[in-house]
Amino acid sequence: MIDALTVAVAATALALAAWCGWATYRDQPTKDWHFIGMALVSLLGIAQLVIGCVQLARGQSPDEGTAIFVAYLLGASACIPATGFMSLSERTRWGSATVAAGGIVLAVLEVRLFDIWGGGSA
């Protein structure tokens, strides 16, 4: 995996979580600007999915197994879009809270993806 992309996805996910958490604190639903942020984070997640699949196709393999790696890649790329759709159905502050929680979950998934690929081993 590309370490810089993993860090970028995690950092933008945490920034989105903070932004939507602030909206929750201010009793605001998700707004158009939040969805633009979600689109940016989702594009980074999809880019990571594509790069991960290309690396697997080239014969590289993660330390902890291909199946778990692909499962985490799919989960990471679907996390923010899923919470975005959920926030559309909940047009209160809790929609923003859902996206904030999704951003935190995505950051944790990125740390785990890094470990699965073997980035944490010395």
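Residue numbers here run from 1 along each chain, matching the order of that chain's written sequence. Only residues with pLDDT of at least 70 get local features here, since the model is predicted, and only at 80 or more are side-chain atom pairs given and counted; chain-wide, interface and lining totals rely on the full set of residues. Note that water and hydrogens are dropped before the side-chain values are worked out from all heavy atoms of the structure.

Within an unreviewed UniProt entry, the label attached to the protein reads Membrane protein, and the organism entered is Streptomyces natalensis ATCC 27448.

1. Topic: unusual backbone geometry
The test is simple: Helix and strand assignments follow DSSP, with helices taken as H or I runs no shorter than four residues and strands as E runs no shorter than two, numbered in order from the N terminus.
The backbone of Asp-27 sits at a positive phi, close to 65 degrees, despite the residue not being glycine. Note on placement: Asp-27 falls in the loop between α1 (3-25) and α2 (32-57).

2. Describing the packing of aromatic side chains
Here is the rule we go by: Between rings of Phe, Tyr and Trp, where Trp is taken as its six-membered ring, a pair exists when centres lie within 6.5 Å; planes separated by under 30 degrees are stacked, by over 60 edge-to-face, and by other angles tilted. Any Lys NZ or Arg CZ that is within 6 Å of a ring centre and within 35 degrees of that ring's normal is treated as a charge sitting over the ring.
Tallying each qualifying case throughout the model produces two aromatic pairs. The ring of Trp-94 carries Arg-93 above its face, with NZ or CZ at 5.0 Å from the centroid.

3. Re the UniProt feature "transmembrane region" (unreviewed entry) in the protein
The cut-off we apply is this: UniProt positions are given in the numbering used here, feature names are shortened, and annotations may be inferred rather than shown by experiment.
Here, the residues flagged by UniProt with the feature "transmembrane region" (unreviewed entry) are residues 33-57, 69-88 and 94-114. With 100% helix and 0% strand, residues 94-114 has end C-alpha atoms that lie 30 Å from one another.

4. A word on the state of the cysteines
Rules: Cysteine sulfur atoms are paired as a disulfide whenever they come within 2.5 Å of each other. Residue burial is assigned from relative accessible area. The probe radius is 1.4 Å, only protein chains are included, and a residue is buried under 20% of its type maximum, exposed over 50%, and partly exposed in between.
Scanning all chains against the criterion turns up zero disulfides. The structure places no disulfide on Cys-53, whose sulfur is separated from the nearest cysteine sulfur, that of Cys-79, by 18 Å. By relative accessible area, which is 38% here, Cys-53 ends up partly exposed. Not engaged in a disulfide, the cysteine Cys-79 finds its nearest cysteine sulfur in Cys-20; these two sulfurs lie 12 Å apart. Cys-79 sits in the buried class, given a relative accessible area of 11%.

5. Considering helix α3 (residues 66-89)
Condition: To estimate how far a helix should reach, multiply one less than its number of residues by 1.5 Å. Two axes are fitted around each residue, one to the seven residues ending there and one to the seven starting there, and the angle between them is reported as the bend at that residue.
Taking 1.5 Å of rise per residue, 24 residues should cover 34 Å, and α3 covers 35 Å from first to last C-alpha, within 8% of that figure. Along its length, α3 reaches its greatest deviation from straightness, about 35 degrees, at Ala-78, and the proline Pro-81 lies no more than four positions downstream. Inspection of α3 places Phe-69, Leu-73, Ala-76, Ser-77, Cys-79, Ile-80, Thr-83, Gly-84 and Ser-87 among the buried residues, and these make up the whole buried set.

6. Observations regarding the pattern of salt bridges
Rule in force here: Counted as salt bridges are all cases of a side-chain nitrogen of Lys or Arg within 4 Å of a carboxyl oxygen of Asp or Glu.
Inspection of the entire model under this criterion finds one salt bridge. Between Arg-112 and Glu-64 there is a salt bridge; the shortest N-O distance is 2.9 Å. Taken together, the residues Arg-112 in helix α4 (residues 93-117) and Glu-64 in the loop between α2 and α3 connect sequence positions 48 residues apart. Judged by its relative accessible area of 27%, Arg-112 is partly exposed. The exposure class assigned to Glu-64 is partly exposed, which follows from its relative accessible area of 39%.

7. Details of a nonpolar patch on the surface
Our working rule: In this analysis, a patch consists of residues with relative accessible area above 30% that form no salt bridge, clustered at 9 Å for like charges and at 5 Å for the nonpolar side chains Val, Leu, Ile, Met, Phe, Trp and Tyr. Accessibility throughout is a Shrake-Rupley quantity obtained with a 1.4 Å probe, and a residue counts as covered only by protein chains that appear here.
A contiguous nonpolar surface patch, about 350 Å² in accessible area, is contributed by Leu-43, Ile-46, Val-50 and Val-54. Looking at the element boundaries, Val-54 is found in helix α2.

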